[in-house]
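Next come the chains, spelled out residue by residue.
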Amino acid sequence: MVSNFKTVAAILLAMFCISIMDTIIKMLSGVYALHQLVFFRASISLAILLPLLLRFGVTALKTQRPGAHLSRGLLLVTANLTYYIGLASLPLAEASAVVFTAPVIIAVFSRYFLREALGALRWSAVLIGLVGMLCVVQPFAVDARLAYFWPLIAAFCYAGFAIITRHIGPTERATLLAVTAQCSFLVASGLFGLVLGHGEFSGHSDPGIEFFLRAWRSPQGTDLIFLVAIGVFSTITALSISFAYRSNEASFLAPFEYAVLPLVLLWGFLVFNEFPDRLALVGIFLIVTGGLVVWLDGKHQAK
């Protein structure tokens, strides 16, 4: 049995890499097409992952659960695309806060799909996280933004991805889970590139939609370094998340994903000069608090 320390460390490493990767992608969202960035990211990641997996021989690519891998890949691709479409229009910290209500959804999904027990404290954490999300999105405000629906869709898709990962994890290698995820990105982004990559549908006024419809272009100068970087960070993220969720309960691990919120708050301020309003800050605080409540409940149950 893998220790809680190792699985939590893996999740925290993944969250750090995600915060850097999201910052870079937001930086490039006004110049490159989303599917182009995803294609480069997946290509670089697979170039690293495949040799790691093939150390175990070609048979390491075999699986008895192709349908689960396909569903997992589709959910992950949809989660990423919808999140990044929203990220192009929204502040980094607030978009991340919405998508990282996923741990709340994971906790609920794990109760009904994986039959993992949820005590009173974890249900309290779910409610705290939902209130926090409402504070960030502020759906009843006069200037409420429909762009927040993109990361919300991403949150539900990511929750489904995490649950499937936990379900099939005990029988699948972490490297295989990571490779199939990156293959999903490669195939989906390649298809989108063939259809949209010439830019015939570009020219949309919404920054997120334009990010998705923009034509491909040749990387310039230091942008190549950024493209390689998101591929490397994506590899580390895929391996870390696959290792963690195949080794421990989804409802226990999910709250640690909230660690990304203070990181993107920092990068958003330093790189984009963004800072949430007071109500959004309260929401981010509540979301983190909900994660800590689940963590405390996990420690209590472990005694």
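Residues numbered from 1 in each chain as written. Predicted model: local features only at pLDDT ≥ 70, side-chain atom pairs only at ≥ 80, totals over all residues. Heavy atoms only, no water.

J.: How do you make sense of the overall build of the chain when you look at a structure like this?
T.: Across its full length, the chain carries 13 helices and zero strands. For the chain, the succession of helices and strands along the chain, N to C, is α-α-α-α-α-α-α-α-α-α-α-α-α. In terms of overall size, the chain behaves like a compact globule, its C-alpha atoms giving a radius of gyration of 19 Å where 303 residues would be expected to give roughly 19 Å. In terms of its C-alpha atoms, the chain occupies a principal-axis envelope of roughly 55 × 55 × 30 Å. Counting over 303 residues, the chain shows a buried share of 54%. (Helix = DSSP H or I, 4+ residues; strand = E, 2+ residues; numbered from the N terminus. Rg over C-alpha atoms; globule rule 2.2 N^0.38 Å. Buried < 20%, exposed > 50% of the residue type's maximum accessible area, 1.4 Å probe, protein only.)

J.: What is the right way to look at the environment of Leu 61 in this model?
T.: Topologically, Leu 61 is positioned in the loop between helix H2 (34-54) and helix H3 (66-87). Through-space distance from the C-alpha of Leu 61 to that of Gln 220 is 35 Å; in sequence the pair is 159 residues apart. Among residues more than four places away in sequence, those in contact with Leu 61 are Leu 50, Leu 53, Leu 54 and Leu 176. (Contact = heavy atoms within 4.5 Å.)

J.: Explain the packing of H2 against helix H10 (residues 223-245) to me, please; I cannot follow it from the model alone.
T.: When two helices pack together, their arrangement is given by the angle between the helix axes and the distance between those axes. Contact geometry of H2 with H10 gives a least axis separation of 8 Å together with a crossing angle of 55°. With respect to H10, the element H2 is oriented oblique. Note that H2 runs across H10; the crossing there is right-handed. Residues Leu 37, Phe 40, Arg 41, Ile 44, Ser 45, Ile 48, Leu 49 and Leu 52 of H2 touch H10, and the partners they reach there are Leu 227, Val 228, Ile 230, Gly 231, Val 232, Ser 234, Thr 235 and Leu 239. Class assignment of the residues belonging to the contact of H2 with H10 gives a composition of eleven nonpolar, four polar and one charged. (Axes fitted to C-alpha atoms, helices over the stretch in contact; angles between N-to-C directions. Parallel < 35°, antiparallel > 145°, perpendicular 65-115°, else oblique. Left-handed = near helix turned anticlockwise from the far one by under 90°. Nonpolar A, V, L, I, M, F, W, Y, C, P; charged D, E, K, R; others polar.)

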